[in-house]
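Below, each chain spelled out in residue letters.
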Amino acid sequence: MIIEKIDTYPLLYRLKNPYGDANGYKKYRSCFMIRITTASGIEGWGECIDWLPTLVDGFKHRLIPYLIGKKVTSHTQLVTTIGKWHQRSAAAISMALTEILAKQSKLSVCEWWGGILHHHIPVYASFQSYTDQEKWINHSLDLVEGVIHEGYPMVKVKVGGKKLQEDQAHIQALQARIGHQVGIAIDANQSYDVATAVQWERQFQNWSNILWLEEPLPMDHLSDYKTLRSTLSVPLAGGENLIKPIQFLTLLADGALDIIQPDVMHMAGLGAFRDTAKLSRYYGIRCSPHCFDGFLSRLYALFTQATLGQWSKMEGENIEPIEWDVMDNPFTTLIPLRPQNGVVTIPEGIGIGVEIDQEKMKAYLWDGSRYW
Ligand code: MG
């Protein structure tokens, strides 16, 4: 089980119609795929995200020379070392080595992790609500309504990038149009202070379908999160950009959140990600992974939920939903996995249980030119 070859696939898709959140408009979607092949011919895929020139150079000049000739069974040591250099690359390598180890054992990833507990995982449709159109609210409502017809019972929309009154008008219009059909999560991408965030409470009092308020404040404002948590009548969620389990442990120990949202690609390997998910169970707090930025990392988030103990004994609520990107993003179609009525059935074949469409992937290979 010696690493013999690593192929890399920087992927870029330029958006015809930019969309965005409080952090600005996205003009492109990118992702960086790697395929590790062992001397015995077993292959494993990994995925990460960062500025593509950084990843191309980092893998070519440092990570691939370091990894060639190493044992796959040194997974923990390899991921720990690379996690000190570049944690996002460590996440990709962790995925690829995990798939190889599962395949070598002729097991699915879930079996290799100890066995599947949930065969079906709920997902919520995740939107980037802002466009540069003047009538962005109408556009958002049409987008959400279209996806609800596909059967999603939960959605997440964005606030925090417009004036409070404009964002509230958006959510009020959304409630009027589809609020009776779905649960709605609201994501502010760390835009507010406490005084602004609490102004949502008057609205929340009128609505029974708010799933959570996500990252209203900067994530390092722990005491403000505690204040807000005791003030708001809806759950508080956050943590998508944190990279270490200790950061989540601090949030949990301080009682700052109701729902933690680790992201597979933002943490230094699947071990750290799964440790974080398990922390939620020790604290009796929900874990609803963030996975907007990748299709393979989302699959590993699904595997993690599928092997995590139940959160609740309530019927239909024993496992938390994960995020499903429903915006214009062709990378989603690189594996044949789609929700049905807002639920994903976990693939149970050997390894990751699905094939990556390499022919389709080639169409999005970045040629090294400017992003836009
Ligand atoms: Mg978010």
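Please refer to the structure placed before this passage.
Being a predicted model, the structure only gives us computed values, none of them experimental. (Residues numbered from 1 in each chain as written. Predicted model: local features only at pLDDT ≥ 70, side-chain atom pairs only at ≥ 80, totals over all residues. Heavy atoms only, no water.)

**Topic: a nonpolar patch on the surface**
For step 1, the next point in the chain: A surface patch of nonpolar side chains, amounting to about 430 Å² of accessible area, comprises Ile 246, Leu 249, Tyr 282 and Tyr 283.
For step 2, the next point in the chain: Among the elements of the structure, helix 10 (245–253) and helix 11 (270–283) are those that each provide at least two residues to the nonpolar patch.
For step 3, the next point in the chain: Assignment of secondary structure puts Ile 246 in helix 10. (Patch = residues over 30% accessible without salt bridge, like charges linked within 9 Å, V, L, I, M, F, W, Y side chains within 5 Å. Areas by Shrake-Rupley, 256 points an atom, 1.4 Å probe, with all protein chains shown as cover. Salt bridge = Lys/Arg side-chain N within 4 Å of Asp/Glu carboxyl O. Helix = DSSP H or I, 4+ residues; strand = E, 2+ residues; numbered from the N terminus.)

**Comments concerning the coordination of the magnesium ion**
For step 1, the next point in the chain: Coordination of the magnesium ion by the protein is provided by Asp 187 (OD), Glu 214 (OE) and Glu 240 (OE), with metal-donor distances spanning 2.0 to 2.2 Å.
For step 2, the next point in the chain: When the donors of the magnesium ion are listed by position in the chain, the intervening gaps give D-x26-E-x25-E. Pair noted here: Glu 214 is in strand 7 (residues 210–214) and Glu 240 is in the loop between strand 8 (236–238) and helix 10, with a separation of 26 residues, a long-range link. By the burial criterion, Glu 214 is buried, and Glu 240 matches it. (Donors = N, O, S within 2.8 Å, 3.2 Å for Na, K, Ca; no water. Buried < 20%, exposed > 50% of the residue type's maximum accessible area, 1.4 Å probe, protein only.)

**Structural notes on the nonpolar core**
For step 1, the next point in the chain: Of all hydrophobic cores here, the largest spans 94 residues; its most connected members are Met 33, Tyr 300 and Leu 302.
For step 2, the next point in the chain: The element that contributes the greatest number of residues to this core is helix 12 (residues 295–306), accounting for eight residues.
For step 3, the next point in the chain: The contacts of Tyr 300, once residues within four sequence positions are left out, are Met 95, Thr 98, Glu 99, Val 109, Trp 113, Val 264, Leu 270 and Ile 352.
For step 4, the next point in the chain: Within the second largest apolar cluster, 28 residues are counted, among which are Ile 3, Ile 42, Cys 48 and Tyr 66. (Core = buried A, V, L, I, M, F, W, Y, C linked by side-chain atoms within 4.5 Å. Contact = heavy atoms within 4.5 Å.)

**Quick notes on the packing of aromatic side chains**
For step 1, the next point in the chain: Going through the model one piece at a time under the given rule, you end up with 14 aromatic pairs.
For step 2, the next point in the chain: Here the aromatic residues Tyr 28, Trp 51, Trp 366 and Tyr 371 are joined through ring pairs into a cluster of three or more.
For step 3, the next point in the chain: Across the ring face of Trp 113, the terminal group of Arg 274 is positioned such that the distance to the ring centre comes to 3.9 Å. (Phe/Tyr/Trp six-rings, centres within 6.5 Å; stacked < 30°, edge-to-face > 60°. Lys NZ or Arg CZ within 6 Å of the ring centre and 35° of its normal.)

**Some details on helix 12**
For step 1, the next point in the chain: Relative to the 16 Å expected for twelve residues at 1.5 Å per residue, helix 12 spans 16 Å between its end C-alpha atoms, a close match to the ideal helical length.
For step 2, the next point in the chain: Most of helix 12 is tucked away: twelve of the twelve residues are buried.
For step 3, the next point in the chain: Listed in full, the buried residues belonging to helix 12 are Phe 295, Leu 296, Ser 297, Arg 298, Leu 299, Tyr 300, Ala 301, Leu 302, Phe 303, Thr 304, Gln 305 and Ala 306. (Expected span 1.5 Å × (residues − 1).)

**Thoughts on the pairing of strand 4 (residues 120–126)**
Along any regular strand the residues' side chains alternate between the sheet's two faces.
For step 1, the next point in the chain: Along strand 4, six of the seven residues are buried, which leaves the element largely enclosed by surrounding structure.
For step 2, the next point in the chain: Sheet analysis places strand 4 next to strand 12 (residues 343–345), joined by three bridges and oriented antiparallel. Residue pairing for strand 12: Pro 122 is matched across the bridge by Val 343.
For step 3, the next point in the chain: Bridge count between strand 4 and strand 11 (residues 322–325): four bridges; the pairing is parallel. The residue of strand 11 that forms the bridge with Tyr 124 is Glu 323.
For step 4, the next point in the chain: Examined bridge by bridge, strand 4 and strand 5 (residues 154–158) share two bridges and lie parallel to one another. Bridged to Ser 126 within strand 5 is Lys 156. (Pairing = 2+ DSSP bridges.)

Geometry only, nothing functional implied.
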